[in-house]
Amino acid sequence: MSERIAMCFSGGKDSALALHALQQSGTYRVETLITTVTDAYDRVSMHGVRRALVRDQAASIGVPLVEVVVPPQSSNEIYERAMGEAFDRLYEDGIRRVAFGDIFLEDLREYRERQLAASGLECVFPIWKQPTPTLAGSFIREGFQAVAVCINPAVLDASFAGRAFDAAFVADLPEGVDPCGENGEFHTFVWAGPILPRPIPVARGEVVERDGFVFCDLLATASRGQTETRL
């Protein structure tokens, strides 16, 4: 029998690829998705995606979503305490492993392993050390659809915000920018693909600069009674 696990899920392409790998492996069964939400903005932390859209993703995937709520500009202490409480609850529920979509950042992996160990949990990294050009290509070929929702303007032009993550997007990335944005160059929201039996209909909204990053707001369409729009 497959092992029950949880997964930290941002709604972006790396999370989607990792979840897809877990679903195909048969070794693990993801029973809980965990995302961090900034309460004052009602959005997924860092990515800036509206909370309702990640809830729609989880509903389509068919896995319950646990939202860990933190304040704006949350300190590491506040974040770690909130996540630690969530991890403790997972342990009490019989979960022993949590999956992440990290790819090659060793310091981040070590940080996660220390954080989970404090709650008696272990980490699973389904796409660890896979070449990011290969992962980006697989994401596109397998029919995933995503849009860039957060851009670091120090390394990418603001015009990348709101663009579809497709072959043209990857080809246009400047030299030195990771194809999966693993160094924080960009973040995405996945609205269709193998993990989503029901696509999440969204439309591009306003593009704004905030806290040193450029964000493209995504708006729900058909699920909110409007005409369906596909990106």
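Given the structure is predicted, the values throughout are model-derived calculations rather than measurements.

## Section: the state of the cysteines
Turning to step 1, where the next piece is worked out: In total, this model carries 0 disulfides according to the counting rule given.
Turning to step 2, where the next piece is worked out: Residue Cys 123 stays outside any disulfide, its sulfur separated by 8.5 Å from that of Cys 8, the closest cysteine.
Turning to step 3, where the next piece is worked out: Its sulfur unpaired, Cys 216 is 11 Å from the next cysteine sulfur, which belongs to Cys 150.

## Some details on unusual backbone geometry
Turning to step 1, where the next piece is worked out: Of note in the backbone geometry, Met 46 takes a positive phi value of approximately 75° without being a glycine.
Turning to step 2, where the next piece is worked out: Following the sequence through the fold, Met 46 ends up in the loop between strand 3 (43-44) and helix 2 (51-61).
Turning to step 3, where the next piece is worked out: Of note in this structure, Asp 211 is not a glycine but carries a positive phi near 55°.
Turning to step 4, where the next piece is worked out: Structurally, Asp 211 can be placed in the loop between strand 9 (202-210) and strand 10 (213-220).
Turning to step 5, where the next piece is worked out: By relative accessible area, which is 54% here, Asp 211 ends up exposed.

## Brief notes about the pairing of strand 1 (residues 3-8)
Turning to step 1, where the next piece is worked out: As paired strands, strand 1 and strand 2 (residues 28-38) are joined by 6 bridges and run parallel to one another. Directly across from Ala 6, in strand 2, lies its bridge partner Thr 32.
Turning to step 2, where the next piece is worked out: With respect to chirality, the unit in which strand 1 leads through helix 1 (residues 13-25) into the neighbouring parallel strand 2 is right-handed.

## A word on helix 1
Turning to step 1, where the next piece is worked out: Its 13 residues place the ends of helix 1 18 Å apart at the C-alpha level, agreeing with the 18 Å of an ideal helix rising 1.5 Å per residue.
Turning to step 2, where the next piece is worked out: All of the buried residues in helix 1 are Lys 13, Asp 14, Ser 15, Ala 16, Leu 17, Ala 18, Leu 19, His 20 and Leu 22.
Turning to step 3, where the next piece is worked out: At the C-terminal side of helix 1, Gly 26 shows a positive phi close to 80°.

## A short note on the packing of helix 3 (residues 76-92) against helix 4 (residues 106-117)
The packing of two helices is summarised by the inter-axis angle and the distance between the axes.
Turning to step 1, where the next piece is worked out: Two numbers describe how helix 3 lies on helix 4: the axes approach to 10 Å, and their chain directions differ by 55°. As summarised for this structure, helix 3 and helix 4 are arranged oblique, according to the angle between their axes. Our pair here, helix 3 against helix 4, has a crossing hand that is right-handed. Contact residues: Tyr 79, Glu 80, Met 83 and Phe 87 in helix 3; Tyr 111, Gln 115 and Leu 116 in helix 4.
Turning to step 2, where the next piece is worked out: Tallied by class, the residues present in the contact of helix 3 with helix 4 amount to 5 nonpolar, 1 polar and 1 charged.

## What about the sheet that holds strand 10?
Turning to step 1, where the next piece is worked out: Across the sheet, 4 strands lie side by side as 8-7-10-9; this open sheet has antiparallel pairing. The open sheet has two edge strands with one neighbour each: strand 8 (186-192) and strand 9. Within this sheet the neighbouring strands show an average axis-to-axis angle of 30°, counted without direction.
Turning to step 2, where the next piece is worked out: As paired strands, strand 7 (residues 145-151) and strand 10 are joined by 2 bridges and run antiparallel to one another.

## Concerning the pattern of salt bridges
Turning to step 1, where the next piece is worked out: Considering all chains together, one arrives at 16 salt bridges under this definition.
Turning to step 2, where the next piece is worked out: The closest approach of N and O atoms between Arg 4 and Asp 93, which form a salt bridge, is 3.1 Å. Placement of the pair is Arg 4 in strand 1 and Asp 93 in the loop between helix 3 and strand 5 (97-99), with a sequence separation of 89 residues.
Turning to step 3, where the next piece is worked out: What makes Arg 4 partly exposed here is its relative accessible area of 26%.
Turning to step 4, where the next piece is worked out: Salt bridges linked by common partners bring Arg 4, Arg 29, Glu 31 and Asp 93 together as one network.

## Considerations on the side chain of Arg 51
Turning to step 1, where the next piece is worked out: In this structure, Arg 51 sits in helix 2.
Turning to step 2, where the next piece is worked out: Arg 51 has contacts with Val 37, Asp 42, Arg 43, Glu 67 and Val 69, leaving out every residue within four places of it along the chain.

## Quick word on helix 5 (residues 132-141)
Turning to step 1, where the next piece is worked out: The complete set of buried residues in helix 5 reads Thr 132, Leu 135, Ala 136, Gly 137, Ser 138 and Phe 139.
Turning to step 2, where the next piece is worked out: Of the surrounding elements, those touching the buried residues of helix 5 are helix 1, strand 7, helix 6 (167-172) and strand 8.
Turning to step 3, where the next piece is worked out: In the segment just after helix 5, Gly 143 is the residue with positive phi, at about 95°.

So, how was this worked out
Residues numbered from 1 in each chain as written. Predicted model: local features only at pLDDT ≥ 70, side-chain atom pairs only at ≥ 80, totals over all residues. Heavy atoms only, no water. Disulfide = S-S within 2.5 Å. Helix = DSSP H or I, 4+ residues; strand = E, 2+ residues; numbered from the N terminus. Buried < 20%, exposed > 50% of the residue type's maximum accessible area, 1.4 Å probe, protein only. Pairing = 2+ DSSP bridges. Right-handed = clockwise from strand over helix to strand, strands pointing away. Expected span 1.5 Å × (residues − 1). Axes fitted to C-alpha atoms, helices over the stretch in contact; angles between N-to-C directions. Parallel < 35°, antiparallel > 145°, perpendicular 65-115°, else oblique. Left-handed = near helix turned anticlockwise from the far one by under 90°. Contact = heavy atoms within 4.5 Å. Nonpolar A, V, L, I, M, F, W, Y, C, P; charged D, E, K, R; others polar. Salt bridge = Lys/Arg side-chain N within 4 Å of Asp/Glu carboxyl O.

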